[in-house]
Amino acid sequence: MKPVIEVEHLRKGYASVVAVDDVSFSVADGEIFGLLGPNGAGKTTTVECLQGLRRADGGHLQVLGIDPQSQAGQLRALMGSQLQESALPDRIKVWEALDLFASFSPHSADWPTLMEQWGLSAKRNASFSSLSGGQRQRLFIALALVNRPKVVFLDEMTAGLDPGARRGAWELIRGIRDGGATVVLVTHFMDEAENLCDRLAIVDHGRIAALGTPRDLITEYAGEVRVTFSAGEADLSWLAEIPHVRQVKRRGPVVEVAGDGPMAVLVAGGLVQHGMTPADLRTEQSTLEDVFLKLTGSGMGN
Amino acid sequence: MRTLLKLTWVELKLFVREPVTMFFTLVFPIIVLFVMGGVFANTPDPDAWRGVGAMNFYTPAYIGLVIASIGLVGLPVHLSGYRERGVLRRLRASPIHVLSIFSSQILVSFVIAVVGAIVITAVAMPVYDVAAPEDLALLLAAFVISVLTFASIGILLGSVLPTTRAAQGVGLVLFFIMFMISGGGPPPEVMNEPMRRLADLTPLKYVIIMLQDPWLGFSWNMANFGIVAGFLVVPGLLSVRFFRWE
Ligand SMILES: Nc1ncnc2c1ncn2[C@@H]1O[C@H](COP(=O)(O)OP(=O)(O)OP(=O)(O)O)[C@@H](O)[C@H]1O
Ligand SMILES: [Mg+2]
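Only a predicted model underlies this, so the values are computations on that prediction, with no experimental measurement involved.

The rules behind the values
Residue numbers restart at each chain and count upward from 1, following the sequence in its written direction. Numbering of ligands from 1 and lettering of chains from A proceed in the order in which they are written. A pLDDT threshold of at least 70 governs which residues receive local features in this predicted model, and a stricter bar of 80 or more applies before side-chain atom pairs are shown or counted, although totals over entire chains, interfaces and linings include all residues. In computing side-chain properties, one takes all heavy atoms of the structure into account and sets aside hydrogens as well as water. In this listing, donors mean N, O and S atoms no farther than 2.8 Å from the metal, or 3.2 Å for Na, K and Ca; water is missing from the atoms, so a site can look incomplete. By the criteria applied, helices consist of DSSP H or I runs no shorter than four residues and strands consist of E runs no shorter than two, each listed in order from the N terminus. The rule is simple: take the accessible area with a 1.4 Å probe, protein chains only, and divide by the maximum for that residue type; under 20% is buried, over 50% is exposed, in between is partly exposed. Residues belong to one nonpolar core when they are buried, are Ala, Val, Leu, Ile, Met, Phe, Trp, Tyr or Cys, and are joined through side-chain atoms within 4.5 Å. Two residues qualify as a contact provided that any one of their heavy atoms is within 4.5 Å of a heavy atom in the partner residue. What makes a residue near a molecule or strand is one non-hydrogen atom of that residue sitting within 4 Å of it. Throughout this description, a polar contact denotes any pair of N or O atoms lying within 3.5 Å of each other; where both atoms belong to protein, one of them has to be capable of donating a hydrogen while the other can accept it, and for residues adjacent in sequence the pair is counted only when both atoms sit in side chains. With residues, only the protein chains shown are counted as cover, and all accessible areas are computed by Shrake-Rupley using a 1.4 Å probe. Under the scheme applied here, ten amino acids are nonpolar (Ala, Val, Leu, Ile, Met, Phe, Trp, Tyr, Cys and Pro), four are charged (Asp, Glu, Lys and Arg), and all others, including Gly, are polar. Here, a salt bridge means any side-chain nitrogen of Lys or Arg that lies within 4 Å of a carboxyl oxygen of Asp or Glu. Grid spacing is 1 Å over the protein atoms alone, the probe is 1.4 Å, and a cavity is where that probe fits but cannot get out, while a pocket is an open set with protein on both sides within 12 Å along at least five of seven lines and lining residues have an atom within 4 Å of a point. Grid points are joined across faces, edges and corners, and a volume is the space filled by probe spheres set on the points.

Caption draft 1: Quick look at the coordination of the magnesium ion (ligand 2). All names here are of chain A. Around the magnesium ion (ligand 2), the protein supplies Thr 44 (OG1) and Gln 84 (OE1) as donor atoms, at distances of 1.9 to 2.1 Å. Of the two residues, Thr 44 sits in helix α1 (residues 43–50) while Gln 84 sits in the loop between β5 (79–82) and α3 (94–103), which places them 40 residues apart along the sequence. With relative accessibility at 19%, the residue Thr 44 sits in the buried group. Judged by relative accessible area, which is 38%, Gln 84 ranks as partly exposed.

Caption draft 2: Just the nonpolar core, in detail. Ranked by internal contacts, the top residues of the largest apolar core, which has 69 residues, are Leu 88, Trp 118, Leu 139, Met 157 and Leu 288 of chain A together with Leu 91 of chain B. Apart from residues lying up to four places away in sequence, Leu 91 of chain B is in contact with Phe 101 and Phe 104 of chain A together with Ile 96, Ile 101 and Trp 245 of chain B. Grouped together as the second largest cluster of nonpolar side chains are 59 residues, Leu 12, Ile 153, Leu 211 and Trp 215 of chain B included.

Caption draft 3: Region of interest: the site of ligand 1. Residues and elements named next belong to chain A. As a structural note, the neighbourhood of ligand 1 is formed by 15 residues, with Gly 40, Lys 43, Thr 44, Thr 45 and His 188 the closest of them. A distance of 2.5 Å separates an oxygen atom of ligand 1 from a polar atom in the side chain of Thr 45. Within the side chain of Gln 84, an N or O atom sits 2.9 Å from an oxygen atom of ligand 1. The fraction of the free accessible surface of ligand 1 (630 Å²) that becomes covered by protein chains is 65%. Each residue belonging to the shell around ligand 1 can be placed in one class, and the counts come to five nonpolar, seven polar and three charged.

Caption draft 4: Broad picture of the pattern of salt bridges. Residues and elements named next belong to chain A. Counted under the stated rule, the structure contains 28 salt bridges over all chains. Across the salt bridge formed by Glu 224 and Arg 246, the nearest N and O atoms sit 2.5 Å from each other. Residue Glu 224 is located in strand β10 (residues 224–230), and its partner Arg 246 is located in strand β11 (residues 245–251); the two are separated by 22 residues in the primary sequence. Glu 256 is the salt-bridge partner of Arg 251, the closest N and O atoms lying 2.9 Å from each other. The exposure class of Arg 251 is exposed, given its relative accessible area of 53%. Taking the relative accessible area as the measure of exposure, Glu 256 reaches 16% and is therefore buried.

Caption draft 5: Quick look at the layout of surface pockets. All names here are of chain B. The computed volume of the largest pocket comes to approximately 760 Å³. The wall of the largest pocket is formed by 27 residues, among which Glu 18, Thr 21, Gly 74, Val 77 and His 78 lie closest to the centre. Elements supplying a minimum of two residues to the lining of the largest pocket: α1 (2–16), α2 (19–40), α3 (54–85), α5 (98–128) and α7 (164–181). If one sorts the elements of the lining of the largest pocket by residue count, α3 sits on top with nine residues. When grouped by side-chain class, the residues that make up the lining of the largest pocket number 13 nonpolar, nine polar and five charged.

Everything listed is a geometric property; what it means functionally is a separate question.
So this is what it looks like as structure tokens:
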């Protein structure tokens with residue numbers, strides 16, 4: 001099946017900076033695809049080119065078989081957008097905004113339901129300017145979904161949401177995907193990327209540094225596994241024979257084994273075989289954050 | 001169509017919720033009407049006001065002033081504010097067409113202009129004994145063309161002026177110059193040559209003449225109408241060309 005989104009060698013610069021240098025990826029139908037990367041990496045620029053909001057300098061783009069550069073009007077009816085930066089008129093009320101955006105499309109969703117789902121019913125008659133940051137954000141997400149889009153672009157959707165609202169948002173976005181939509185999600189939250197995205201691209205300096213499922217990325221770029229347990233004075237020389245074990249350190253009674261791949265299970269198996277069942281055995285896996293920092297460096301490079 | 005009507009309805013509600021704009025657009029011309037009425041009353045003077053009574057002259061002129069205030073101040077400030085704050089960005093990402101946005105602004109201008117015209121007429125006719133319009137049908141046509149013309153100018157200003165401040169500055173200066181010299185201030189007959197030359201460059205001068213002619217019983221001035229049409233079409237085309245979403 002043809003991918004819903006195809007990006008080939010996208011390039012986009014502003015007056016003095018190259019924002020997107022060379023980005024290629026594709027997103028399959030019904031996928032939740034994440035874009036992760038440091039500030040200024042070019043995520044928003046990439047997404048805005050796909051939405052037809054910016055003109056690419058080079059490369060080939062396709063969304064739902066439509067060229068977002070030349071047929072933006074056609075695409076807008078099929079896509080939903082939550083932009084990183086935008087606003088509504090100060091004095092427009094929550095229900096008016098939803099009602100208005102619902103009128104833009106003949107097959108819109110029932111907006112009172114959306115208002116309820118995104119926890120805005122109590123704010124129905126509140127003006128946009130009186131909403132809190134998180135409430136505005138939820139309104140923008142609801143507006144992005146009101147025309148029942150086939151592709152949804154969410155640029156830092158959960159910025160400013162409290163932890164409960166974030167988890168709620170994840171559930172709702174999974175629901176949208178299960179309803180047949182494809183989702184492109186820009187985020188700075190590792191747990192969000194790990195929990196919500198089927199695949200993700202790590203973008204750095206306008207290029208894709210890595211691309212894959214969260215699990216694959218962790219295995220490939222930060223496959224480090226660590227097992228610790230207490231063993232007293234027991235002889236552990238057999239540990240070195242176990243495949244995937246790289247290093248064994250003893251600090252008093254505590255043993256720390258470092259390795260990769262299935263090392264943890266193998267060590268646990270070995271312990272049982274040698275008649276040891278330490279109750280405090282812990283394993284530590286690398287996280288997406290380790291991958292991120294490894295690929296993009298830490299600190300504020302930009 | 002549903003989208004356009006809904007957008008227009010929302011925009012009207014937003015206008016009513018914005019007291020300062022409301023005041024400036026609808027109340028300011030009324031104040032000027034009372035000031036001029038208090039000074040000149042409505043006795044005809046063969047050497048001024050096209051030979052008719054001052055308030056017969058000023059009443060259609062102030063309907064023109066309401067229309068000019070919408071086009072020179074209200075609309076540009078509104079549109080550039082939308083651009084500056086990112087409202088246009090959000091609208092651009094939605095399926096709405098830029099012409100629907102323009103059309104809704106024109107429809108809102110109409111509603112405000114109609115309210116302004118009714119209020120001015122309802123005050124001027126009983127208080128200053130202003131004569132009723134001679135040719136109502138032509139007056140209505142002139143009114144529609146006038147609103148379209150200033151909406152077109154307003155959309156152009158709102159399309160090219162980047163910020164609310166810029167729109168406010170430029171709009172207010174244009175508005176007050178036109179208010180003073182284009183027919184809403186001293187009668188054209190008493191202005192000196194440079195003032196008249198300057199007035200010749202302003203659309204409000206021609207719009208006021210177009211509104212006065214059918215009201216006062218003068219015949220329709222085709223050359224004057226041609227100039228108004230130019231002020232309608234050229235800015236309209238330029239705004240489609242130069243409109244910026246951000
Ligand atoms: N309108 C603009 N004019 C000039 N430069 C811009 C503009 N928008 C973005 N840039 C520059 O392009 C680069 C990429 O910006 P972009 O907004 O795509 O980054 P991002 O990955 O979305 O970052 P963040 O995580 O901070 O949102 C940055 O260096 C930024 O300064
Ligand atoms: Mg961004």
